[in-house]
Amino acid sequence: MFVSDACALNDAGHLTVGGADTVELAERFGTPLYVMDEEKIRRNCRDFTSAINKYFHGNGLAYYASKALCCKAICRVAAEEGMGLDVVSGGELYTALEAGFPPQRIAFHGNNKSEEEIFLGVEAGVGRFMVDNADELEALDACAAKLNKTVCIHLRLSPGVDAHVHDFIKTGKIDSKFGVAIQTGQAMELIRLALQKKHVQLTGLHCHIGSQIFSEEPFVLATQVMIRFMAEVRAQTGLLLQELTLGGGFGVRYVPADDPKPLDVYMQAISSALETTCSDTDLPVPALFFEPGRYIVAAAGVTLYKVGCVKEIPGYRSYTLVDGGMPDNPRYILYGAEYDVTVANKASLPKNYLTTLAGKCCESGDLIQENILLQKPQRGDIVAVLTTGAYNYSMASHYNRLPNPAMVLVRNGEAKPAIRRETYQDLLRNDL
Ligand SMILES: *Cc1c(COP(=O)(O)O)cnc(C)c1O
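All values reported here derive from a predicted model rather than from experimental measurement.

**Student:** What am I meant to see in the packing of aromatic side chains here?
**Tutor:** Any aromatic ring pair is given by two values, namely how distant the centres are and how the planes are angled relative to each other. Applying the stated criterion across every chain yields a total of 12 aromatic pairs. Both rings, one in F56 and one in F290, keep their centres 5.8 Å apart while their planes meet at 50°; by these two values the pair is tilted. Here F290 lies in strand β13 (residues 287–290) and F56 lies in helix α2 (residues 38–56), a separation of 234 residues in the sequence. In this pair, the class of F56 matches that of F290, namely buried. Clustering of aromatic rings is evident, with ring pairs tying together F48, F56, F219, F250, Y266, F290 and Y295. Here the guanidinium or amino end of K113 rests over the ring plane of F108, the centre of that ring lying 5.7 Å away.

Right, dumping it as structure tokens:
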């Protein structure tokens, strides 16, 4: 009955997440509140670890793309589940290291790493640098030379595969700020450059073809393009690349109409494309890496708000105003993202009231969903927005000086705090 199986209904008619009553959570921890079902996150991690065993003979690793939701508690869960971790900034790297994440299982991404970030990564001994461009390659080699180290790298390439998704999250095409394209010849140039560098060891190639992908075809196409290119690299340079990273992008269900295929379908298709293309090109099958972000955390998360006012404008529409908005969930204003919403304390009642869920910021676009059906809300009700585990907290701002909400991890009905609610003093911490 809910888009995510992290959610259910209890005897009180309340929405539960990970077995905990959301109305009680809102009372105990306050609102807005991010609630994460820890068991669901772990199950999602295991989907990947077991798929890698089943379809790739254990020859690979799933890096959790921590940009989707980065905090120490989540890094620890990913570490315990045997995942790798993908970071794209010094801040994400620092968080991972402070959480005790094994550096060897970290991949350092980002299309414009600073000297300082490169230094942090090399010094910490991250397992792989995902190099985006020639300038970065030069800087990385220089830094590694200074620290007398050799770093293992993948090069980020655009395979030119269009994943048919929203323009903002389409990243596999030639005209992109990410990586270098195969078709323009720049990818081969970057490989030749990498081969001249003494302090980097090029072990593999990377591509990321988009986000929220619902079918296996774009992944199959990308696999074929990348393997053929790896064969081309061997022919032209003699270098045998033994690793391939296929990025993230595995779709999740935000609203009932979303229908992503089960992970097994993607994995089966990728593995057969991999075997066929490798045998066609006479290339040994490389280790396969993935970087799921949204898939790991999105459906495990729910945001709870308290209703302040319900405003009816005759002849127009009604607004249900809650105590958060674009600072804690900027995805509607950014992408028009869809969500399933329910009144948590009336979750067993029919949704028959047409309303627009809006936040409390001084911005007309500060909406969470427009024209949705909800159980008739009133002041004091708890509204739950489902599938908010990815790109909500991680994209949060302090607009209107709203303190960032707290986050709790729920497991077997027990909640433990993961992120403290910000205070007004926190907001002033850096004010001079
Ligand atoms: C954003 C991103 C991911 C994660 O994407 P999801 O759609 O959240 O799975 C993985 N790899 C790279 C390089 C990315 O930019």
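Following the structure, the description resumes.
**Student:** Hey, could you run me through the nonpolar core in this one?
**Tutor:** The tendency in soluble globular proteins is for nonpolar side chains to be buried side by side. By size, the foremost hydrophobic cluster in this structure holds 106 residues, and its most contacted members are Y64, I153, F290 and V297. Here the element with the most residues in this core is helix α8 (residues 217–237); it accounts for eight residues. Domain assignment of the residues forming this core places at least three in each of domain 1 (7–37 + 298–427) and domain 2 (109–292). Once residues within four sequence positions are removed from consideration, I153 is found in contact with F129, V131, L137, L140, A194, V200, Q201, L202, T203 and G204. Membership of the second largest hydrophobic core comes to 23 residues, among which are L15, V23, L33 and L386.

**Student:** Help me understand the environment of K113, please; the structure alone is not making it clear to me.
**Tutor:** Considering the arrangement of structural elements, one finds K113 in the loop between β7 (106–108) and α5 (115–124). By relative accessible area, which is 9% here, K113 ends up buried. C-alpha separation for the pair K113 and L140, spaced 27 residues apart in sequence, amounts to 9.4 Å. Leave out the neighbours within four places in its chain, and K113 touches F108, I118, F129, M130, V131 and E136. Side-chain polar atoms of K113 contact the backbone oxygen of M130, separated by 2.8 Å. Of the polar contacts made by the side chain of K113, one reaches the side chain of E136; its length is 2.5 Å.

**Student:** Can you walk me through the packing of α2 against helix α3 (residues 72–80) in this structure?
**Tutor:** Any two packed helices are characterised by the angle at which their axes cross and by the distance between the axes. Remark: α2 packs on α3, axes separated minimally by 10 Å, with the N-to-C direction vectors making an angle of 45°. Classified by the angle their axes make, α2 and α3 are oblique. Crossing of α2 over α3 shows right-handed handedness. Across the interface between the two elements, E38, I41 and R42 from α2 touch I74, V77 and E80 from α3. Tallied by class, the residues present in the contact of α2 with α3 amount to three nonpolar, no polar and three charged.

**Student:** Whenever I open this one, the domain arrangement of the chain confuses me. Can you help?
**Tutor:** One frequently used descriptor of interface size is the decrease in accessible area upon assembly of the parts. With domains assigned, the chain is organised as domain 1 (7–37 + 298–427) and domain 2 (109–292). Computed from C-alpha atoms alone, the centre-to-centre distance between domain 1 and domain 2 is 36 Å. Carbon and sulfur atoms supply 62% of the area buried between domain 1 and domain 2, which totals about 700 Å² over both sides. Three residues stand out in domain 1 for area buried against domain 2, namely Y335, E338 and T387, and they jointly supply 54% of the buried area on that side.

**Student:** Teacher, can you tell me more about helix α4 (residues 90–98) here?
**Tutor:** Every α-helix carries 3.6 residues per turn, so stepping three or four residues along brings you back to the same face. The complete set of buried residues in α4 reads G90, E92, L93, T95 and A96. G100, located one to two residues past α4, shows a positive phi value of around 85°.

Rules used throughout
Residues numbered from 1 in each chain as written. Predicted model: local features only at pLDDT ≥ 70, side-chain atom pairs only at ≥ 80, totals over all residues. Heavy atoms only, no water. Phe/Tyr/Trp six-rings, centres within 6.5 Å; stacked < 30°, edge-to-face > 60°. Helix = DSSP H or I, 4+ residues; strand = E, 2+ residues; numbered from the N terminus. Buried < 20%, exposed > 50% of the residue type's maximum accessible area, 1.4 Å probe, protein only. Lys NZ or Arg CZ within 6 Å of the ring centre and 35° of its normal. Core = buried A, V, L, I, M, F, W, Y, C linked by side-chain atoms within 4.5 Å. Domains from an automatic or database assignment. Contact = heavy atoms within 4.5 Å. Polar contact = N/O pair within 3.5 Å; in protein donor to acceptor, adjacent residues only side chain to side chain. Axes fitted to C-alpha atoms, helices over the stretch in contact; angles between N-to-C directions. Parallel < 35°, antiparallel > 145°, perpendicular 65-115°, else oblique. Left-handed = near helix turned anticlockwise from the far one by under 90°. Nonpolar A, V, L, I, M, F, W, Y, C, P; charged D, E, K, R; others polar. Buried area = accessible area lost by both parts, 1.4 Å probe.

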